[in-house]
Amino acid sequence: MRTIDLDSLEIFRAVVREGGVVRAAAQLHRVQSNITTRVKQLEQRLGVSLFRRHGRNLVLTPSGQSLLVHAEKLLRLADEAEDAMRATPARGILRLGSMESTAGSRLPALLASFHRKWPDIHVELQTGTTEAMTRKVAAYELDAAFVGEPFSGASLLSRPMFQEELVLITAKQHAPVNDAADVESATVLAFSQGCSYRKRLIEWFAQSALNPGRILELASYQAMIACAAVGTGFAIVPVSLLNTMGVSKNVKRHKLPDAIGRNRTLLIWSNEPSSTLRLFLDEMPLAV
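What counts and how
- Residues numbered from 1 in each chain as written.
- Predicted model: local features only at pLDDT ≥ 70, side-chain atom pairs only at ≥ 80, totals over all residues.
- Heavy atoms only, no water.
- Helix = DSSP H or I, 4+ residues; strand = E, 2+ residues; numbered from the N terminus.
- Buried < 20%, exposed > 50% of the residue type's maximum accessible area, 1.4 Å probe, protein only.
- Contact = heavy atoms within 4.5 Å.
- Areas by Shrake-Rupley, 256 points an atom, 1.4 Å probe, with all protein chains shown as cover.
- Lys, Arg positive; Asp, Glu negative; His and termini not counted.
- Charge placed at Lys NZ, Arg CZ, Asp CG, Glu CD.
- Disulfide = S-S within 2.5 Å.
- Phe/Tyr/Trp six-rings, centres within 6.5 Å; stacked < 30°, edge-to-face > 60°.
- Axes fitted to C-alpha atoms, helices over the stretch in contact; angles between N-to-C directions.
- Parallel < 35°, antiparallel > 145°, perpendicular 65-115°, else oblique.
- Left-handed = near helix turned anticlockwise from the far one by under 90°.

Undergrad: Would you explain the overall build of the protein in this entry?
TA: Secondary structure summary: the protein contains twelve helices and eleven strands in total. Residue burial in the protein is summarised as follows: out of 288 residues, 45% are buried. The contacts of the protein with a sequence gap of at least 6 include a subset with a gap of at least 24, amounting to 75%. Accessible surface computed for the protein: about 14,700 Å², of which carbon and sulfur atoms make up 52%. Each charge sign in the protein was given a centre, from 34 positive and 28 negative side chains, and these centres are 3 Å apart.

Shown next as C-alpha cells:
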C-alpha cells in the first residue's frame, strides 16, 4: 500500500529548500506546528529519520537525501500531469544551472529569445562550478545545466552547445607565456574546486610535470580580471566572456595549446526531460 502522498513530499522539500521549518511554514502559508507534525508523520510512515540537528540547523540524513531525489522526480511529474490536463504545456518553471562564464556571455540572447516565444515559462537560473551544477542535475534540483569539459556525470544525458576558446590572462607588462614554466611561480586566480577550466589549467601544468603555485580562489571573473590586471596572478578565461567585458582591455591574453584552449560547453540533464526543458531544447542552436 502506498504510504507517501504528494502533499507530504512538498512539505518535506520545502523544509529542505528553505533551510528549516520556520521559513518552510511561511513559504507554504502553514503554521509551524503543522509542518513539524507532517514531517514526523512522514518519518514514522517510512521508518527512517529524514533530518538530524546540527547546532540550530536541520541537516538531511542519508535517507533524507535519497528521498529528496525521489520527491523532486514525483513532484515534477505531478506538475507536468496537471499542465497536460489543463492543455497548457507552455507553462511552468524551467530550472537551469550554468557556469558563470556561459551565463554572462552565451545565455542572455538565448534566454531572451526563449522568453519571447514562451512567456509563461518562468526560468530560474543558478550559477556555479561544473561539479556543483552536475550534482544538482543528478539530484533533480535542476532540470538542466550548462557545464564545461571535463565533467563527471556518466549517467546524465548531454548535448554539445558551444565551442569555447580559453586563453590565459596576465598583467599587460607580463612577458609572453609559451608554456606552464613561464608562470610556474605565479599565483593562479580561479574559482573553487569543481571548476572545469581550473581542471584544464591543472592538466596544462601536468603536461610539463609541474604543479601550479599558490591558488587564490575568487568568486567572479570580474575579480579575476581585476587581480590579473594589477599583477596579482594569472587566470584562464573564455574569449567569448572577455569580449563582453570592458575591463578585459586591461589584461594581456596568451594563447594556450589547442588541447587545453579548445573546450566545449555541454547542456546536461537527467533521464527524460521535463516538458519545459523539451521546449528549451527545441530552441537551442545546433550542436557544435
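Undergrad: Help me out: how do you make sense of the state of the cysteines in this one?
TA: Chemically, a disulfide is nothing more than a covalent bond linking the sulfur atoms of two cysteines. Using the criterion set out here, one finds zero disulfides in the structure. Of the cysteine sulfurs around Cys-195, a residue in no disulfide, the closest is that of Cys-227, at 16 Å. Overall, the relative accessible area of 7% leaves Cys-195 in the buried class. Residue Cys-227 is classed as buried on the basis of its relative accessible area, which comes to 19%.

Undergrad: Would you take a moment to explain the packing of aromatic side chains for this structure?
TA: Two aromatic rings are characterised by how far apart their centres lie and by the angle between their planes. Evaluated as defined, the whole model comprises seven aromatic pairs. Summarising the aromatic geometry, the rings of Phe-191 and Tyr-221 are spaced 4.9 Å apart at their centres and angled 85° between planes, so their arrangement reads as edge-to-face. Of this pair, Phe-191 sits in the loop between strand S7 (188-190) and helix H8 (196-207) while Tyr-221 is found in helix H9 (residues 221-229), placing the two residues 30 residues apart along the sequence. On the accessibility criterion, Phe-191 (13% relative accessible area) is buried. Ring-pair connections join several aromatic residues into one group, and the members of that group are Phe-114, Phe-146, Phe-162 and Phe-280.

Undergrad: Just to check I follow, could you spell out the environment of Gly-92 for this structure?
TA: Looking at the secondary structure, you find Gly-92 in strand S3 (residues 92-98). On the accessibility criterion, Gly-92 (25% relative accessible area) is partly exposed. Taking the C-alpha atoms as reference points, Gly-92 and Ser-158, 66 residues apart in sequence, are found 22 Å from one another. The contact partners of Gly-92, leaving out residues within four places of it in the chain, are Asp-120, Ile-121, His-122 and Thr-276.

Undergrad: Please explain the packing of helix H6 (residues 107-117) against helix H12 (residues 275-283) as it appears in this structure.
TA: At a closest axis distance of 11 Å, the pairing of H6 and H12 adopts a crossing angle of 120°. Considering their axes alone, H6 and H12 lie oblique with respect to each other. Helix-helix and strand crossings are classified by hand; for H6 and H12 the assignment is right-handed. Contact with H6, carried on its side by Leu-111, Phe-114 and Lys-117, involves Thr-276, Leu-279, Phe-280 and Glu-283 of H12 and no other residues of that element.

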